Structure formats: C-alpha cells, structure tokens
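Okay, here's what each chain looks like letter by letter:
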Amino acid sequence: MKKSLIAMAALAAACTASAQSTVTLFGVVDATLKVGHGSASNKTQLGSSGLTSSRLGFRGTEDLGGGMSASFWLEGDLNADNGEGAATNTNNQASGTGAAVAGRQGLTFNRRSTVSLAGGWGELRLGRDYTPQFWNLTIFDPFFTLGVGSTQTIGSIITGATAARASNSIGYLLPPNLGGFYGQVQAYLGENNTGPVTQDDGKGAAVRVGLESGPFNVAVAVSRTEYATGNVRQNNVAGQWTFGFGKVMGQITRDRAGAVDGKGWLLGGVFPVGSGDIRASYSAYESTAVGTPETKKLALGYVHNLSKRTAVYATWARVKNGGSAVVALNGSTTGVNASSSGLDIGLRHSF
Amino acid sequence: MKKSLIAMAALAAACTASAQSTVTLFGVVDATLKVGHGSASNKTQLGSSGLTSSRLGFRGTEDLGGGMSASFWLEGDLNADNGEGAATNTNNQASGTGAAVAGRQGLTFNRRSTVSLAGGWGELRLGRDYTPQFWNLTIFDPFFTLGVGSTQTIGSIITGATAARASNSIGYLLPPNLGGFYGQVQAYLGENNTGPVTQDDGKGAAVRVGLESGPFNVAVAVSRTEYATGNVRQNNVAGQWTFGFGKVMGQITRDRAGAVDGKGWLLGGVFPVGSGDIRASYSAYESTAVGTPETKKLALGYVHNLSKRTAVYATWARVKNGGSAVVALNGSTTGVNASSSGLDIGLRHSF
Amino acid sequence: MKKSLIAMAALAAACTASAQSTVTLFGVVDATLKVGHGSASNKTQLGSSGLTSSRLGFRGTEDLGGGMSASFWLEGDLNADNGEGAATNTNNQASGTGAAVAGRQGLTFNRRSTVSLAGGWGELRLGRDYTPQFWNLTIFDPFFTLGVGSTQTIGSIITGATAARASNSIGYLLPPNLGGFYGQVQAYLGENNTGPVTQDDGKGAAVRVGLESGPFNVAVAVSRTEYATGNVRQNNVAGQWTFGFGKVMGQITRDRAGAVDGKGWLLGGVFPVGSGDIRASYSAYESTAVGTPETKKLALGYVHNLSKRTAVYATWARVKNGGSAVVALNGSTTGVNASSSGLDIGLRHSF
C-alpha cells in the first residue's frame, strides 16, 4: 500500500558536528490493549504506556572543558492510542493544571524540561523535573508505576501536583562515582504573590539519598510541599537485592496530606527467563481518610524482548478493596469494597 | 537582515548509528493564498495545505532479524499560516474532540500515531491511523482531498470522527508483493464503559482490498461505525488507469448515517505537462437529508514542480448547490442553492 | 543516579544526505530565578527566557539550482520552567488568541511558521513571522526585549496581536549584499468575511529599511494594522554605533492606537569584559491614555559566557511610574505611581 510519503531531507548537519556536542531525538511508542473488569462495569480500550511511558524527547550535552558540561532535556508524554500529548502543571498546585478538552491536548514537555550545569561537584538542574520522592516508587516497582500492574504505593491521598514531578524546581544532584552513594536535593516554587495565606502554596523541598553496594541498592526519600489547607509529606524507603535468579524489591511509604495519614508497602521481583522477564508484585496502601480505605494489588506479567528496543508484554492484576475503597483497574468501575481485575497486552518500541 | 540565530548543535549521534535503525524527521510546509466568492460573502485568507497537508513527523524502523521489523510513526497536522497544530479525537465519537480555543491548539500526532510489528506475514499496527474507508477517496482524487479542489465525495452526512482516521485502532495490512493484490482490515474502539445504550458508540471495523495490475489500480472499501443514534457506513470503490498522456481516476461512494443515505461520484485526471501537472476533476454528492441536498464541483489546477520537494501551484474550483445545500468554497458563504467559487495559489515545500 | 533512559536510535539518515539539503533541529533552554519587588506584593519564580527566548525549532533549505532556494522555518516558544509551549494568534485580532488553560498549552510554532522561495531578487516568505515593526525594538535593545531588563519602548498602548509577529503574512525581503542596505515589506490578513464593519480588522502592512555601514547600523520601520475601533500604528527608528569599548544603541518610537498616542525612547549599550558582556539601558514610554501614564526603566546586567552556546547571567532593573501607571517587574504588583524592582539570575543553553 502506498502511503505516498513526502520526500524527506536528511539531517546532513549531523555529519559535520563535533563529537562532544550532541542533540538526541528519542522516544517511546507503547500501545496496549487494556481490558478491565469491575463489579459495576467493564471496559476495553487501546491505551498507551503499559510497559514504558510513550514519549517524545530532545536532549543534548555540551562539553564546556575543565570537566564542566551544560545540558538540556525536553521530554513529553504521548498517548500512543490517539496522538495527544499530556498536560504539565505550572505552579505545583491544583490550579496549575486546568480542565482537559478532549482531543486537543498538544505536546508539552511535561515529563522533563530542564537546563543543567555539571562538573566534578555534581549537577545543578533548573526547570521541571521528577521529584526525589517519586524515584523510589518507580525504580523499585517491577512495573515501573505503569500499566495495570503499577504499584499501589503511589499514595491515593497525595495530590497529583508534585507526586511525581515539580515545575519551577532547582535541583542539585551528587556526582556519580561516590563509591555507590548517590543523592539529590530539590526545592520548587509555587510562584504566588506575597500577601494571602496561600502565598506559600506549592512550595516544597525534598531529599533522596541511596547506596548501591554489590547486589544491594537501598534509598530513602523525604519531602514536604506547603499548602494552606495542610502540608503534604511523601516519604519512602525502598531497595532491591539482585541475586542468581533475578532481583527482589521492596518499598515502604509513609504519607501525610493535611490531617490524613497514609501508608503502603510493596514486595516484588523481576526474574529473567530466556529473552524475557517475569514480573510479579504485591502492594498495598491504606489511609486514615473517611472510611479508612485500603487497597491491595496482586500483579503478574511477562515481557518478551524482541530486541533491546522492542518488546511484547502481558500483565494481569487484581485489586481487593476495603474500608469503602472503590479502586478499579483499566477504566472499569467497581462497587464499594468489591474487587476488580485487568489485563494489558501490548507492544513497546523505543527509539 | 540578521535574524541572529542561536548556535545549533548538530545531530552528531547520527553519524555513529547502525544502518538498520533509523529515525526520520519529516514534514511539509504548504502555504496558500485562498480566495473565496459566494453570494453572501467573500473571504481572502492565507491558508495551509492547498496541495499537500502541512505536517511534522517522526518515524523509524528497527530491523529485528528474521524478516521481522518494528516501527513507529508520529505525524501531526500543522497550520502553516499561523503555526498551530490540529486536534485529534480520543474516542471516535463527537465527544472525543472538544471545542477549539483560537491560537492555542498545540501539536498533536493527529495524522498518525502508531507502533507496528511487521514480517513476511504482513503488518500489525496499533494506535491512531487512517481508516481503510478514507484511502480510496484521497488516493483516487487528483486533488488528494486537499485545497479548494478537494473531492465532494467526502460525504457530507458522515461524522468526522472516523471519516478519515480512527483512534484506538488495531490494524492488519497485507504484505507487499502479492502480485499487485493489497488489502487491510482495521477495528477501532469507542472505549465506553459497559452498561448504557451508547456502550458501543465509536466502535467500528473496516476492510479495504485492491488490485494494481499493469496500468490499472482498483480498490473497494467497506466500513461500519456503531452509534446508538444510528450506525455509520462509509463504502466506496475507486480506481485509476494510467496511459500515455497521464492518468484518469474515478470514485463511487455509498454512505449511510442512521436513516440518511448519501452517494457520490468523481471523475478526474492528472496530466503531466513539462515539469508540472494539470489536474482536473468533476465530483458530486447528494443525500436524503432534509431538503435532499446536492452539490457538484468542477476543479481545475496546475502544479509546477521546482524540484521533487518544492512546487508552486494554482487551483480553481466552482460548486453548484441544489436541494437547499449551501456549500461554499474557501471560507466564503453563499445562499441556498447558490454557487460559490474559489482560488488557491500556493507554495509547497517538503522535507 | 540511573534515570534509565530508553535506548535511542540514532538519526542514521543524516549520513547519507546530500550536502545541499539540510534540516536543522535547534533550540534554547533558558531558566531564570526571577525576583520581583513592588509596593503591593513581591514574587519569586523560576521563569524562562531571561537572556534568550527558550524555544524549539526545525528549519531547512533546499538548493533549487540557478541561485534559487526553498526553505521552511518552524519555531515555537517554550516555558523552560514547566514545559509548556505558547499560544499563537490566528487572525491578528484579539479574538485570535483565546483564554489560556493552566498547564495545557502545547507546543505551537508561534515564533515562526514560514515557507520561502529565495533567489538573487530576494525572498518571498509566507506564513507567521516577525513583523517589520518589531525588529528595531529587539535588535537595538541590549536586553533583546527579554527578561527584567527588556526595553519599555514596546508600547503599552499597542495590542499584542501584531506587535511582534503576524499570522497570515506575505513578506518580501531584499537580498543581502546590497552594500549594507537592507529592507523588507510585509502584508498580513485578518481573514474576515466581507460585510461587517470589522471586515478589515487584523489586516495590515509594514515596511522596514536600514543601512549598515562601517560601525553604524540604523533602521526605520513604519506599520499600520486596521481595526474598526481605530487603526494601530507602530513606528520606530533605531540604531547602534560599534566602537572600541563596545556598542551603544538608541531607539525612538511613535505609536498610535485609535485616538491614543504613545512615544518612547531608549539609550543603552553592550560592553565586552573578559568572556562576558556588561549590558545597560535606560528606556521610557508615555502615552495619552487615561492618566497619561509614563514609565521609565533603568536596567543593568552581566552575561558570563561559558561557551558560545552556554551562559550564566544576572540582570537588575527598576521602573518608576508616573501618570497613574502601575507597571511592576517580575510578577510583583505595585501601587499607583510607585516603583518596582526585579532581579533575574539564570542559565541559558542553546543547541
């Protein structure tokens, strides 16, 4: 079939570039057939990002000499199933992301938009970036906080504004090669005018430190974001142990949003089998919100790698609700304290 | 004049790439002076896509070995005259594209957003893609369904949601080299929760098969999209005959939207002259909607190729309305059963 | 820290490209800590574009032979601090840019979206582009109309729609190598239907001519944009003198919006010091609007170049208001006729 494509001019400039100055175009397109079953309704979708976040990005580094470098990173989410981008947040508050209009969300660099200066002393990073408090939740989850198997430890009581990323951030990251010790601190601004009681809303700070030593990798993160309605704390410790058959992971989280406390844990593992990986996890989260909701998830999956860049995968998960929780999987809806299950079958290609 | 441009880092990574893994940046910028005359008002605009759809895209293929490959394709419409992108549709229903806000439409990959796995057996393609029912209308139109000369056979009774593209689609395309025989099937999802009478809205399927043999190329497409208010069928057969002086094309369409029937036809041709092409078509569409509207269009144009990538062009067209139709060209407005004419003069550059 | 990044396919096509056909990916990421002080409130932000506009762009040129070339240019603003794009304007009228929704502005090519044909006779350029009336204001401002030090001569009485850029434009630019003489004309369309009194709203034209001779560079621009509520005129003359210690610049502007007149002036300079530049300017603007508002700004800054592409910088500025003006810097607010000051400290990286 001829999808007569327009002639393309190749990127000739590339061939004359100096080796130390590179710009890289990169991305992922991951489409997933998602089936969800709940006691109230079922749903079947073609979704996105079942294994890896669909994205488009541009990044590059310039060698400044003397061990110094400057770099930038622009990366935005894609909805592979319909071609939309995703919203960002401008002020780390709920008001920083307005209402969506179906089909009209253009590409933003919501995943990361940073400029950095780095040297032997570490890296200074400005812009929108992951928060330190998010890293343990995603790195030590066999499902990388994606798809139907994503960990329940992403606290349901935490406002979305800075749970995973923060805008207007100033970050410092330790250099690599500190004998396995790593860490970062980040401060982010809410950008309100002085005066009202909400003047500090959206302002916060976080620290994450960890140690990778032999087969062990353990890290702890603490964070606080200010809101006049009650500060949000998102704290966690997590780690993994790599051994002969694969690696096992664990997480413990302690959150607070105003007067509500939440806590969660995860136990999981990734086990190579042939050219693929078996993934499994059990995670739980409960809070002191009205009804003391509690949700537990069992997730099992298999990723078959066709190459380093391309994989097919399937994940199955089931949640059990308690304390009036109504968490349901893959867009289905379920009744109070009822369970829900879901299945992802997908194709992931990265470039 | 010095538009002092920022130093640019070249794409050095390119030079070290393995030959079988490529990412291509491609696009078209096509700007058109558009003049429209109608009995009620005239309009003069600088528009976009008079000859070829202005677009920006990224695509690539990875050789997986053993005759297999994985690929992705991200492509979005551009408005060359003002720099806007275009909306996509999230659920193949009218609700899947919300109201536009002037000047604010960012780039989406509304034209195509897919990930594919291909082999000797054909191609499996997931995401947002052209619908099979659209191909005959555009390939066998001398004006490629673009600009003032675009065919009238794009049925006026057909909802826009899946007339040209569908989100949440799963497609299978036959491999090339089947002795000229080609074909594809596609199923797409509306992604509604089960329960209400509209649970299947936006769900559909389509098939297209064709044969290219010597100077002849003929194809047929049938499709059905479900809506509780009445299913939509968009069916067509079309083809072309290439001979000494150029090629002639024809289309016959039969549509149905709920209780309303529509039918159309086109006869046209493309005739090389020097380094250019003369394009001509006559197309008509009528439906059983209130008033039994009928519109006929005569279109004439010339494309002068300055290179394979760059062309200047002019197209003139005139529509005649009947049955209370008020179709007008290039943004003009015209009275009931009145006619309208329009002229495009443009410059198209592809990369 | 392992931000495990997806494998990236390099842009191999580049290496086989013909030398005369290039597509360039380019951009800037400039993040700035912005502090503003006013008599009513203060503000601290991480902002964008304190030294150079954060942006992402794609551009290319095709050699058509015989001294002719075709080219395209797609460039959009970025908000480095949160990853948003910026809106464009569709019709050169206030209605051409609708209300913003926080966090949802996708990338548009609002800075420039053009296709061009060029030869020894000059360049024909179609699309969205800078207006001729904007160039003198930015080129002859030591702060390039960016950041806290940006010139006050950007008239406060001028509608934003065509103050810096126009959509739907047809431009002609003189060729280079005319002995230092340069110039351009531009016409732009409002794209309204004929009939109402506002039918010509947003339609305009502008001319800019200049002469660069030895150490001197002087240019004049005149423009008119039509609106039924009163035409807008934005006229200016500006220039610079480069001598041993640096260069000094001056601007004089004369604006008119309906029945309101505005006038401004700037005197400034850029003085190289080691691997950096000291920048300074004093600018003023007053109008006959209600209260006859008047604002004067003193701005001082230093840019330290770490390389041609990367710089750190600091700018301090202070405004004095008169005639009931309330202009305040960096998001602070200030009382009637009160002053305001602001500080930018930032990092700019271009690629």
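All figures in this text were calculated on a predicted structure; none of them were measured in a lab.

Asks: How should the overall build of chain A be read in this particular structure?
Replies: Along chain A, the regular secondary structure elements total one helix and 17 strands. Referenced to the eigenvectors of the C-alpha coordinate spread, the extents of chain A come out at roughly 65 × 60 × 50 Å. Here chain A holds 351 residues, and 57% of them are scored as buried. In the structure as shown, chain A presents an accessible area of about 12,700 Å², 61% of it carried by carbon and sulfur atoms. Each charge class in chain A can be summarised by its mean position, and for the 28 positive and 21 negative side chains these summaries are 6 Å apart.

Asks: Would you mind showing me how to read unusual backbone geometry here?
Replies: A negative phi angle is the norm for most residues apart from glycine, just as the trans form is the norm for most peptide bonds. Here Asn337(A), not a glycine, exhibits a phi torsion of approximately 65°, which is positive. With respect to the helices and strands, the residue Asn337(A) is situated in the loop between strand E16 (310-322) and strand E17 (339-350). Judged by relative accessible area, Asn337(A) falls into the partly exposed class, the value being 40%. Its identity as a non-glycine residue notwithstanding, Thr292(C) has a phi of 45°, on the positive side.

Asks: So what exactly am I meant to see when it comes to the packing of aromatic side chains here?
Replies: Any pair of aromatic rings gets described here by the distance separating the centres and the angle formed by the planes. In total, this model carries 30 aromatic pairs over all chains according to the counting rule given. On the numbers, 6.3 Å between centres and 70° between planes, the contact of Phe243(B) with Phe245(B) is edge-to-face. For Phe243(B), a relative accessible area of 26% puts it in the partly exposed group. Taken together, Phe58(A), Phe109(A), Phe58(B), Phe109(B), Phe58(C) and Phe109(C) form an aromatic cluster joined through their ring pairs. In this arrangement the basic side chain of Arg59(B) is found over the ring face of Phe26(B), its NZ or CZ atom lying 4.5 Å from the centre.

Asks: I would appreciate a short explanation of the relation of the copies chain A and chain B in the present structure.
Replies: Two chain copies, one operation linking them: a rotation about an axis together with a shift along it. If you rotate chain A by 120° and push it 0.0 Å along the axis, it lands on chain B with an RMSD of 0.0 Å. In the structure described here, the two chain copies are related by an operation that fits a three-fold rotation axis. The rotation axis passes nearest to the C-alpha of Gly106(A) in chain A, at a distance of 2.3 Å.

Asks: Is there a simple way to explain the confidence of the model for chain A in this structure?
Replies: Detail in the predicted coordinates should be disregarded across regions flagged by low pLDDT. Residue and element names in this part refer to chain A. Per-residue confidence for chain A gives a mean pLDDT of 93; residues scoring 70 or more make up 94%. Per-residue pLDDT stays below 50 along residues 1-20; that stretch engages in 66 contacts with residues further than four places along the chain or on separate chains. The complex prediction reports pTM at 0.94, with the ipTM value standing at 0.93.

Asks: Can you help me understand the interface of chain C and chain A in this one?
Replies: Note on interface size: it is often stated as the accessible area lost on association of the parts. Taken residue by residue, the interface counts 54 residues in chain C and 66 residues in chain A. In this assembly, chain C and chain A are joined by zero salt bridges. Inspection of the chain C/chain A interface yields 18 residue pairs in polar contact (both at pLDDT 80 or more). Listed by contribution, the elements that provide at least two residues to the side of chain C that touches chain A are strand E1 (21-38), strand E2 (42-48), strand E3 (55-65), strand E16 (310-322) and strand E17 (339-350) of chain C. Element by element, the count of residues in the side of chain C that touches chain A is highest for E1(C), at seven residues.

Asks: Help me understand the nonpolar core, please; the structure alone is not making it clear to me.
Replies: One recurring pattern in soluble globular proteins: nonpolar side chains tend to sit buried together. Leu56(A), Phe58(A), Leu56(B), Phe58(B), Leu56(C) and Phe58(C) are the most contacted members of the largest nonpolar core, which totals 63 residues. Those residues in contact with Phe58(B) that lie beyond four places of it in its chain are Leu25(A), Leu56(A), Phe58(A), Thr24(B), Leu25(B), Phe26(B), Phe72(B), Trp73(B), Leu74(B), Phe109(B) and Phe58(C).

Asks: So what exactly am I meant to see when it comes to the environment of Ala219(B) here?
Replies: All names here are of chain B. Within the fold, Ala 219 resides in strand E10 (residues 216-225). Taking C-alpha positions, Ala 219 is 34 Å from Gly 36, a pair spaced 183 residues apart along the chain. Ignoring anything within four residues of it in the chain, the contact list for Ala 219 reads Asn 136, Phe 140, Tyr 182, Arg 208, Val 209, Gly 210, Asn 236, Val 237 and Ala 238.

Asks: Help me understand the interface of chain A and chain B in this model?
Replies: At the junction of the two partners, chain A supplies 55 residues and chain B supplies 67 residues. Viewed at the interface, chain B and chain A are joined by zero salt bridges. Counting across the interface, chain A meets chain B through 18 residue pairs in polar contact (both at pLDDT 80 or more). Looking at the side of chain A that touches chain B, the elements that each hand over two or more residues are strand E1 (21-38), strand E2 (42-48), strand E3 (55-65), E16 and E17 of chain A. The leading source of residues in the side of chain A that touches chain B is E1(A), at eight residues.

Asks: Help me out: how do you make sense of the environment of Ala187(B) in this one?
Replies: Residues and elements named next belong to chain B. Along the chain, Ala 187 falls in strand E8 (residues 181-188). Along the primary structure Ala 187 and Lys 203 are separated by 16 residues, whereas in three dimensions their C-alpha atoms are 7.6 Å apart. Contacts of Ala 187, omitting those with residues within four sequence positions, involve Asn 168, Ser 169, Ile 170, Gly 204 and Ala 205.

Conventions used here
- Residues numbered from 1 in each chain as written.
- Chains lettered and ligands numbered in written order.
- Predicted model: local features only at pLDDT ≥ 70, side-chain atom pairs only at ≥ 80, totals over all residues.
- Heavy atoms only, no water.
- Helix = DSSP H or I, 4+ residues; strand = E, 2+ residues; numbered from the N terminus.
- Buried < 20%, exposed > 50% of the residue type's maximum accessible area, 1.4 Å probe, protein only.
- Areas by Shrake-Rupley, 256 points an atom, 1.4 Å probe, with all protein chains shown as cover.
- Lys, Arg positive; Asp, Glu negative; His and termini not counted.
- Charge placed at Lys NZ, Arg CZ, Asp CG, Glu CD.
- Phe/Tyr/Trp six-rings, centres within 6.5 Å; stacked < 30°, edge-to-face > 60°.
- Lys NZ or Arg CZ within 6 Å of the ring centre and 35° of its normal.
- Least-squares fit on C-alpha atoms with pLDDT ≥ 70 in both.
- pLDDT = per-residue confidence, 0-100.
- Contact = heavy atoms within 4.5 Å.
- Salt bridge = Lys/Arg side-chain N within 4 Å of Asp/Glu carboxyl O.
- Polar contact = N/O pair within 3.5 Å; in protein donor to acceptor, adjacent residues only side chain to side chain.
- Core = buried A, V, L, I, M, F, W, Y, C linked by side-chain atoms within 4.5 Å.

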